[in-house]
Amino acid sequence: MSAVAPCKLKASDYKSDTKPVWCPGCGDYHVLASLAKSIAALALAPEQIAVVSGIGCSSRIPAYLNCYGFHGVHGRALPLATGLKVARPDLTVICAGGDGDGFSIGGNHLLHACRRNVDITYIVMDNEIYGMTKGQPSPTTAPDWDSSLAPGGTGVSPFHPLVIALASGANFVARSFSGDVNGTAKMLAEAISHPGFSFVQILSPCVTFRPDQREWKNMVHPPPVPFTTDASQAARRVMTDDGFNIGVLYKGSRAKYAQAVAHDDAFEGDFQNEFLV
Amino acid sequence: MSDRPGKSFSVALLGKGGSGVVTAGDMLLTAAARCGLYGLMIRAVGPQIRGGESAALVRLSPAPVECLDDRFDVLLGIDWNHAERMVADFAIDANSIVVTDPAEDAVPQSITASGATERQLEMKALADSVSGGRANMVALGYVAGLAGISREALEHAIAKKLGPKRQESIDASVAAAMLGFSRTQSSEAPQAANGASGKRWMISGNQATGLGALRGGVRFAAAYPITPATEILEWLAPRLLDAGGTLTQAEDELASINMAIGASFGGVPSLTATSGPGLSLMIEGLGLAVCAEIPVVVVDVMRVGPSTGIPTKPEQSDLNAAVYGLHGDAPHIVVAPNSVTDCVYTTQWAVHLAEATQAPVIVLSDQFIGQAIVVADPVAEISFFAKRKLAENIDEAFERYAITADGISPMPIPGTAGGQYTADGLEHSSKAKPSGSSGDHCTQLDKRARKIADFDYGQHWADIEGEGELAILTWGSTTGVVREALHRLSSDVSRKVKLIALRLLLPVRQEEMAAALDGVNRLMVIEQNHTGQLYRLLRAWYELPENVDTLHRPGPGVFRPGEIATKINEWCLE
């Protein structure tokens, strides 16, 4: 039953009947809609897609799709997705989660997933907060943001995910805004189609704990120039922009991770001969 | 037990790192195999990567051996630079021979104090008389001569080790070895008689573990290096590719366990190997595999703990972590190989169990059996092959975590149309939807417990040898030492003693244990750790005879058969 012919399904056919746990107004609803649109546009059969996530509000996304999914433990979505894609290169593997999951507890895996360049797409719904635990600062939170856990702010500089991804070797780097559903869908389709490790940061407001993020829709703007294939140029651009430039930043052409050939259950190789003396 | 070693020959080769004693030990073992002998070699190394002390501890015997002897017949030092640090590894006595090079420092007092006979062998000078000759080859020839090994076998071993493209090096090594060989008189050959002929394998426990994994159907491995488990992964890396599988190096053990789980979710039998610190990092992932019901095998080659401990020495002290380390009620399987060659069987069985039960299996090997190299009889093929209950013809009513009589639910593999579900570490309903209801929690807990508890483990749960009203219960690498100790006891003692070596440590097998202990009125539990971890597990879960003794001590020193024989003898006479 593996998919060969393009699949003619509507975006809504890729959604499951499970009701999201997200708050009304959460940006993640839009990301879900964009993701469904992107895979419908790519005409991928739902059984040929696996969506893998960690823990947090946004990491609930696999259950809301009608694809194979894996909702793993906190911070380990990328290794889970890596193992799956390396073992099953025929599948389309999409990894998704939030800024705490991906940049804090799972930060090390991001570096090595970019380096390894396995052909997966990693979507981070960045709301600069831990939402599921009710509002603690994350690695992308501004240093002066006041919270119960860090009264008066953390005083710690935010993490810059796109720069880190570029420096670590990601092959496709982009930023989007959840409110731009069509633009995000187009970008995700491009990310999924691009060989190697694709990293998409989606600014996805948490209206519950960060009502100020409602303003993001007025702050985002298209990039002044199109994407580049020069990582150093991309890094300079993204390090000097205002953080609200959306669009594809970088497209690389590095060879993707060498993948296994299809495994053969019938293997009866004779490895024991080497032990004969 | 009549084939247990009566007379064996033990030699310790010592030298600074780079002196080639391990190469010499390896060749000695190969030559012995060629002569139809059995054997075992342990590499003892210091923490320095290069330049520290290094030793090869070799035991040769006409019958299979699974442990070191109590003492060494010969201690040969190419030099004595770091001997003081390792003296505890060399049990020598007045009947031993110490071989020393007059060009090196004198034999340290801590060694001469044993009263062993000292012999001079000009290893360096003899080696220098051959172009390209090395002292370790002179040493090899000398100990091979003492061990009664033939010249032909020695030449064969040198050529095999150096490989076909190094003829010059082979010629030089053989010439140097023969200089050492000719310095012994064959009449002196202390112990090893000519063994039975037949094919032999030379294999380490870590290689055996890799072979068991391949035979079991593992086609994906995730790897993060750690002593003393790395060789499993290094052995698997090229061979997995040959078998159509793959190995991926992970950034840490958190990643390696999750990579293995991801690959297995994709339908490919998967494994990772580690040691104590890595097991600690993998525990959360193992809980995920329990909850999401994903087969995965983790081999823990145990070393002295806690924390970094003593990384190059064995201890059976991760049992508690393996059995009780997971949070929540998390049924899983823990098995342990009981010899170097049993690593093949037990690992293959572990893959079978993981695949059949859709659960994680921890294999508790240890540094001793992992890194020991044995010459043994070939390990026969067994018929276990990873067999997962798959969901293939899926209809509307399909439920991923369906409540079944045996607790095992058919699993759809990605690519199977209609089988889409989200595997989850969140508690879930039978339809794989996240659920916080007590009903779903209880039915899923029951199901996950049932599939592990009710699985048919057959006779493999333990190796049981002998009959008697006294029983020794042990596990892992201690088993081989206990076997030999029992063999050494007089028959009027040993015929009263039954040996039970547990291969299945979790789940507990209460009925099988009751049958095994039927008629046993005294029990002794033997294991290598500080707190008696198996003893306490037995106390918690099993009906035991009223009189239970325990012999447990921590690493780094392994049990020796004489130590256990003495203890059992005293115990039997109580």
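Data block above holds the structure.
This text gives an overview of the structure that appears in the document. Note that the structure is predicted; figures quoted are calculated from it, not measured.

### Digging into the overall build of chain A
(1) Moving on: Counting its secondary structure elements, chain A contains eight helices and seven strands.
(2) Moving on: Rg of the C-alpha trace for chain A: 19 Å, near the compact-globule value of 19 Å for 277 residues, within the 12% margin.
(3) Moving on: With respect to the principal axes defined by its C-alpha atoms, chain A has extents near 70 × 45 × 40 Å.
(4) Moving on: Across the 277 residues that make up chain A, the buried fraction comes to 60%.
(5) Moving on: Across chain A, the fraction of contacts at a sequence separation of at least 24, relative to all contacts at a separation of at least 6, is 69%.
(6) Moving on: Here chain A displays about 11200 Å² of accessible surface, and carbon together with sulfur accounts for 57% of that area.

### Here's the deal with the nonpolar core
(1) Moving on: Counting residues in each nonpolar core, the largest one holds 172 residues, and the members touching the most others are A:Phe70, A:Phe197, A:Phe199, B:Ile294, B:Leu364 and B:Leu534.
(2) Moving on: It is helix H13 (residues 342-357) of chain B that provides the largest number of residues to this core, a total of nine residues.
(3) Moving on: Apart from the residues within four sequence positions on either side, B:Leu364 is in contact with B:Asp300, B:Met302, B:Asp318, B:Leu319, B:Ala322, B:Val334, B:Val335, B:Ala336, B:Pro337, B:Trp475 and B:Leu505.
(4) Moving on: Of all hydrophobic cores here, the second largest spans 51 residues; its members include B:Leu29, B:Leu60, B:Met137 and B:Val375.

### Remarks on the environment of B:Gln185
All names here are of chain B.
(1) Moving on: Secondary-structure assignment places Gln 185 in the loop between helix H7 (167-181) and strand S7 (201-204).
(2) Moving on: By relative accessible area, which is 49% here, Gln 185 ends up partly exposed.
(3) Moving on: Remark: the alpha-carbon pair of Gln 185 and Leu 146, spanning 39 residues in sequence, is separated by 7.7 Å.

### A closer look at helix H6 (residues 181-193) of chain A
Residues and elements named next belong to chain A.
(1) Moving on: The end-to-end C-alpha separation of H6 is 18 Å, in line with the 18 Å expected for 13 residues at 1.5 Å each.
(2) Moving on: Among the residues of H6, Val 181, Thr 184, Ala 185, Met 187, Leu 188, Ala 189, Ala 191 and Ile 192 are the ones counted as buried.
(3) Moving on: Structurally, H6 contributes buried residues whose contacts are with helix H1 (28-41), strand S3 (92-98), strand S4 (121-126), strand S5 (172-177), strand S6 (198-203) and strand S7 (247-251).

### Points about the packing of helix H5 (residues 161-168) of chain A against helix H8 (residues 231-240) of chain A
Residues and elements named next belong to chain A.
(1) Moving on: Relative orientation of the contacting elements H5 and H8 amounts to 170 degrees, with a least axis distance of 9 Å. Here H5 is positioned roughly antiparallel relative to H8, judged by the angle of their axes. Handedness of the H5/H8 crossing: left-handed. Contacts between H5 and H8 involve Leu 162, Val 163 and Leu 166 from the former and Ala 231, Ala 234, Ala 235, Val 238 and Met 239 from the latter.

### Focus on the pattern of salt bridges
(1) Moving on: Counting across every chain of the model gives 37 salt bridges over all chains.
(2) Moving on: Residues B:Glu251 and A:Arg116 are paired through a salt bridge, measuring 2.5 Å at the closest nitrogen-oxygen approach. Pair noted here: B:Glu251 is in the loop between strand S9 (246-249) and helix H10 (253-265) and A:Arg116 is in helix H4 (residues 107-116), and the two residues belong to different chains.
(3) Moving on: Taking relative accessible area as the criterion, A:Arg116 reaches 13% and is therefore assigned buried.
(4) Moving on: B:Arg488 is paired through a salt bridge with B:Glu484; the nearest N and O atoms lie 2.9 Å apart.

### Describing the sheet that holds strand S5 (residues 97-100) of chain B
Residue and element names in this part refer to chain B.
(1) Moving on: Judged by pairing direction, the sheet is mixed, and its eight strands sit side by side in the order S6-S5-S4-S1-S3-S2-S14-S7 without closing on themselves. Two strands in the sheet have a free side with no partner beyond their single neighbour: strand S6 (117-120) and S7. The mean inter-strand angle of the sheet, taken between neighbouring strand axes irrespective of direction, is 15 degrees.
(2) Moving on: Here strand S2 (residues 38-45) pairs with strand S3 (residues 53-61) via eight bridges, running antiparallel. Bridging from a neighbouring strand, Ala 44 pairs with Ala 55 of S3.
(3) Moving on: Along the sheet, helix H5 (residues 135-146) contacts strand S1 (9-16), strand S4 (74-77), S5 and S6; its crossing angle with S4, the most-contacted strand, is approximately 170 degrees.

### Describing helix H15 (residues 438-453) of chain B
Residues and elements named next belong to chain B.
(1) Moving on: Helix length check: H15, at 16 residues, gives a terminal C-alpha distance of 22 Å against a target of 22 Å (1.5 Å per residue), a fit within 8%.
(2) Moving on: Turning to H15, its buried residues number three or more, namely Gln 444, Leu 445, Lys 447, Arg 448, Lys 451 and Ile 452. Within H15, the buried residues cover an arc of 160 degrees as seen down the axis, which keeps them to one side.
(3) Moving on: On its buried face, H15 is in contact with helix H11 (276-292), strand S12 (333-335) and H13.

### Quick notes on the sheet that holds S7(A)
Whenever strands of a sheet pair, they do so through backbone hydrogen bonds, lying parallel or antiparallel.
(1) Moving on: Spatially, S7(A)-S5(A)-S6(A)-S4(A)-S3(A)-S1(A)-S2(A)-S15(B) is the arrangement adopted by the eight strands of the open sheet, whose pairing is mixed. Because the sheet does not close on itself, it has two edges, and the strands there are S7 of chain A together with strand S15 (422-424) of chain B. If you compare each strand with its neighbour and ignore which way they point, the axes differ by 15 degrees on average.
(2) Moving on: When S5(A) meets S7(A), the two strands line up antiparallel, connected through four bridges. For A:Val173, the partnering residue across the bridge sits in S7(A) and is A:Tyr250.

### A word on the interface of chain B and chain A
(1) Moving on: Contact residues are listed per partner, giving 59 residues for chain B and 48 residues for chain A.
(2) Moving on: When the two sides are added together, the surface that chain B and chain A hide from each other amounts to roughly 4500 Å², 63% of it contributed by carbon and sulfur.
(3) Moving on: Considering only the surface of chain B that becomes buried against chain A, B:Glu251, B:Gln420 and B:Thr422 emerge as the three largest contributors, covering 13% of it.
(4) Moving on: Across the contact surface, chain B and chain A share three salt bridges.
(5) Moving on: With a closest N to O distance of 2.8 Å, A:Glu274 and B:Arg239 form a salt bridge.

### Details of the side chain of B:Ser256
Residues and elements named next belong to chain B.
(1) Moving on: Among the secondary structure elements, Ser 256 is positioned in helix H10.
(2) Moving on: Of the residues examined, Ser 256 reaches a relative accessible area of 0% and is grouped as buried.
(3) Moving on: With residues near it in sequence (within four places) discarded, Ser 256 still touches Ala 222, Ala 223, Tyr 224, Ala 250, Thr 272 and Met 282.

### Things to note about the packing of aromatic side chains
(1) Moving on: Per the stated rule, a full pass over the model turns up 16 aromatic pairs over all chains.
(2) Moving on: Seen in terms of ring centroids, A:Trp22 and A:Tyr64 are 5.0 Å apart; in terms of plane orientation they differ by 85 degrees. Their pairing is edge-to-face. Taken together, the residues span a long stretch of sequence, with A:Trp22 in the segment before H1 and A:Tyr64 in the loop between strand S1 (49-53) and strand S2 (68-71) at a distance of 42 residues. Accessibility assignment for this pair places A:Trp22 and A:Tyr64 in one class, buried.
(3) Moving on: Counting every residue linked through ring pairs, the aromatic cluster contains A:Tyr68, A:Phe70, B:Phe265, B:Tyr401 and B:Tyr421.

### Looking at unusual backbone geometry
Phi is mostly negative for residues that are not glycine, and the peptide bonds are mostly trans.
(1) Moving on: The linkage connecting B:Thr227 with the following residue, B:Pro228, adopts the cis geometry, with an omega of 0 degrees.
(2) Moving on: Counting through the fold element by element, B:Pro228 comes out in the loop between strand S8 (220-223) and helix H9 (230-242).
(3) Moving on: Of note, the amide linkage connecting B:Leu506 to B:Pro507 takes the cis form, showing an omega dihedral of 0 degrees.
(4) Moving on: Mapped onto the elements of the fold, B:Pro507 is located in the loop between strand S19 (504-506) and helix H18 (510-516).
(5) Moving on: Positive phi is not limited to glycine here, since A:Glu128 has a value of about 55 degrees.
(6) Moving on: With respect to the helices and strands, A:Glu128 occurs in the loop between S4 and H5.
(7) Moving on: Judged by its relative accessible area of 18%, A:Glu128 falls in the buried class.

About the cut-offs
Residues numbered from 1 in each chain as written. Chains lettered and ligands numbered in written order. Predicted model: local features only at pLDDT ≥ 70, side-chain atom pairs only at ≥ 80, totals over all residues. Heavy atoms only, no water. Helix = DSSP H or I, 4+ residues; strand = E, 2+ residues; numbered from the N terminus. Rg over C-alpha atoms; globule rule 2.2 N^0.38 Å. Buried < 20%, exposed > 50% of the residue type's maximum accessible area, 1.4 Å probe, protein only. Contact = heavy atoms within 4.5 Å. Areas by Shrake-Rupley, 256 points an atom, 1.4 Å probe, with all protein chains shown as cover. Core = buried A, V, L, I, M, F, W, Y, C linked by side-chain atoms within 4.5 Å. Expected span 1.5 Å × (residues − 1). Axes fitted to C-alpha atoms, helices over the stretch in contact; angles between N-to-C directions. Parallel < 35°, antiparallel > 145°, perpendicular 65-115°, else oblique. Left-handed = near helix turned anticlockwise from the far one by under 90°. Salt bridge = Lys/Arg side-chain N within 4 Å of Asp/Glu carboxyl O. Pairing = 2+ DSSP bridges. Arc of directions from axis to C-beta. Buried area = accessible area lost by both parts, 1.4 Å probe. Phe/Tyr/Trp six-rings, centres within 6.5 Å; stacked < 30°, edge-to-face > 60°.

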